[in-house]
There are 2 protein chains.
Amino acid sequence: MLTFSISEENHIKAIYHLQHGDQSVSTNQLAAELNTKPASITDMMKKLKAKKIIHYEAYKGFKLTPEGRKTALMIIRRHRLWEYFLSEKLQFSWDEVHEVAEELEHVSNEKLINKLDEFLDFPRFDPHGDPIPDASGKIEISRQIALSELAINKVAVVCNVKDQSADMLDLLNHKSIALGTKLEVKKKFDFDGSLELKIGKQPLINISRQLAENIYVKI
Amino acid sequence: MLTFSISEENHIKAIYHLQHGDQSVSTNQLAAELNTKPASITDMMKKLKAKKIIHYEAYKGFKLTPEGRKTALMIIRRHRLWEYFLSEKLQFSWDEVHEVAEELEHVSNEKLINKLDEFLDFPRFDPHGDPIPDASGKIEISRQIALSELAINKVAVVCNVKDQSADMLDLLNHKSIALGTKLEVKKKFDFDGSLELKIGKQPLINISRQLAENIYVKI
DNA sequence: TAATATTTTTAGACAAATCTAAATAAATAA
DNA sequence: TTATTTATTTAGATTTGTCTAAAAATATTA
């Protein structure tokens, strides 16, 4: 059975995320995502091609093969199960889990992950609201949209945040927006894309387009 | 704060184990322990010396510095906490935990380990009966002796097994000896060092000196 | 469509961790 | 105490993953 180095796993996972379903990924895109140089990406793509993880022809971008996709889903499964564990069992806060899970995800013992899954009672979503693939690699399509896309007067629940920088989390905290927060868009300003939100019985608050594009809600 | 590669951590841990307290460790010893070549050990020792983890002069063997010992104890802490977790929470059997913990021990987030410790309710011994260092690196001196050293007619509890090869575990299984088994030595044969044991109400069983030297008991 | 800009790849270098083979130091035996 | 054996180190090579600088391919724009 094919095994992968930590670096290979990180590349596979990044390609999966950048594909957004079925789009082809470019060298520069992947280099940016992984904070590395385009030349390094080319090197790695040759290796992943040899391992039949991606389809790749020079200058043409790359896509995961079915095998590659399955590998990516297993890495994501590990990552999200550990995030759930950290949050649920070790009381890590929402914004702390990602960094630690980035390391834990590379421990690839299959029994470990399946037993962990069972111990956690087969959770379906991680603390950011992202779906957790099951042992066979099946993943739920979650009905998530950016808050900026939410229709006026429709109630939705915050389930995910794209950018998880400290600045972002500071702002969310200030606005009292957290995972699970129920909210409703009361007005959209076309001029700058800012929104007026209703959260519970609080007075309406205003958020920028930039923030709204980074908050995902489940409808 | 100094960080270590997985390979460096494995070397530090192995030196700690081979020191048995305060003995100096040789190049060949360490090479044998890590299934690597003496030349590779020399390379690594130069690096660890530069990081002030060991005392080392060419041809003179090596010993951990106080800093090195502390580092080793933290790695061992992680290892044993994960072993406890695997055994206690994920129902891994006693002989499966080591291999997985060898990987998990290199995830070095301090908060993770301290929270895990708390979640497990601060266990003092891992599933093999080895003591778990606390957050400050303190480690209990466990009152363990080889079964071959146990006095006649003194009840003791199996708490550790030195050699954990499949052959060894197969033999233990056959003899119905497991961690936590209460037993008593009823007779010692000086000729070959074999022992007659009483386990509960079962008929007496016989074990070889070699086996007795590899089973540790708490008195 | 020719010129320019951008993207991607190639060529060659480097650090980490390991190896083999040869050289050297230390230990042991004659 | 000299010769031999054993242990350790050095020298130089290899693999993996990365880099920079330059070349080549592709895309864009005038």
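A separate point is the protein's contact with DNA strand C. Around DNA strand C, the surrounding shell holds 21 residues, and the nearest of these are A:Y56, B:S5, B:T36, B:S40 and B:K47. A share of 75% of the atoms of DNA strand C within 4 Å of the protein falls on sugar and phosphate groups. In the model, a phosphate oxygen of DNA strand C is placed 2.8 Å from a nitrogen or oxygen of the B:S5 side chain. Contributing elements (two or more residues each) for the surface near DNA strand C: α2 (27–33) and α3 (38–50) of chain A together with α1 (6–19) and α3 (38–50) of chain B. The leading source of residues in the surface near DNA strand C is α3(B), at 5 residues. Of the residues in the surface near DNA strand C, the class split is 8 nonpolar, 9 polar and 4 charged.

Our next topic: α3(B). Residue and element names in this part refer to chain B. For α3, spanning 13 residues, the distance from its first C-alpha to its last is 19 Å, which sits close to the expected 18 Å at 1.5 Å a residue. Regarding α3, the residues found buried are I41, M44, M45 and L48. End-on, the buried residues of α3 take up no more than an arc of 110°, which puts them together on one face. Opposite its buried face, α3 presents the exposed residues A39, D43, K46 and A50, each directed more than 90 degrees away. Looking at the buried residues of α3, the elements they touch are α1, α2 (27–33), β1 (54–56) and β2 (62–64). The first or second residue beyond α3 is K52, which carries a positive phi of 60°.

The next subject is the sheet that holds strand β6 (residues 195–198) of chain B. All names here are of chain B. One open sheet holds the 6 strands; their spatial order is β3-β8-β4-β5-β6-β7, and the pairing between them is antiparallel. Of all the strands in the sheet, the pair left with one neighbour each is β3 (144–146) and β7 (205–207). Averaged over all pairs of adjacent strands, the angle between strand axes in this sheet comes to 50°, irrespective of strand direction.

To continue, consider the domain arrangement of chain A. In terms of domain boundaries, chain A breaks down into domain 1 (6–64) and domain 2 (144–218). Taking the mean C-alpha position of each, domain 1 of chain A and domain 2 of chain A sit 32 Å from one another.

Contacts between the two partners involve 20 residues from chain A and, on the opposite side, 20 residues from chain B. Overall, the association of chain A and chain B removes approximately 1,700 Å² of surface from exposure, summing both partners, and the carbon and sulfur fraction of that is 72%. In this structure, the connection of chain A to chain B is made through 2 salt bridges. Here chain A and chain B share 2 residue pairs in polar contact (both at pLDDT 80 or more) between them. Contributing elements (two or more residues each) for the side of chain A that touches chain B: α4 (66–88), α5 (97–104) and α6 (110–119) of chain A. The biggest single contributor to the side of chain A that touches chain B is α6(A), with 5 residues. Taken together, the residues of the side of chain A that touches chain B break down into 11 nonpolar, 4 polar and 5 charged.

Calculation criteria
- Residues numbered from 1 in each chain as written.
- Chains lettered and ligands numbered in written order.
- Predicted model: local features only at pLDDT ≥ 70, side-chain atom pairs only at ≥ 80, totals over all residues.
- Heavy atoms only, no water.
- Near = heavy atom within 4 Å.
- Polar contact = N/O pair within 3.5 Å; in protein donor to acceptor, adjacent residues only side chain to side chain.
- Helix = DSSP H or I, 4+ residues; strand = E, 2+ residues; numbered from the N terminus.
- Nonpolar A, V, L, I, M, F, W, Y, C, P; charged D, E, K, R; others polar.
- Expected span 1.5 Å × (residues − 1).
- Buried < 20%, exposed > 50% of the residue type's maximum accessible area, 1.4 Å probe, protein only.
- Arc of directions from axis to C-beta.
- Contact = heavy atoms within 4.5 Å.
- Pairing = 2+ DSSP bridges.
- Axes fitted to C-alpha atoms, helices over the stretch in contact; angles between N-to-C directions.
- Domains from an automatic or database assignment.
- Buried area = accessible area lost by both parts, 1.4 Å probe.
- Salt bridge = Lys/Arg side-chain N within 4 Å of Asp/Glu carboxyl O.

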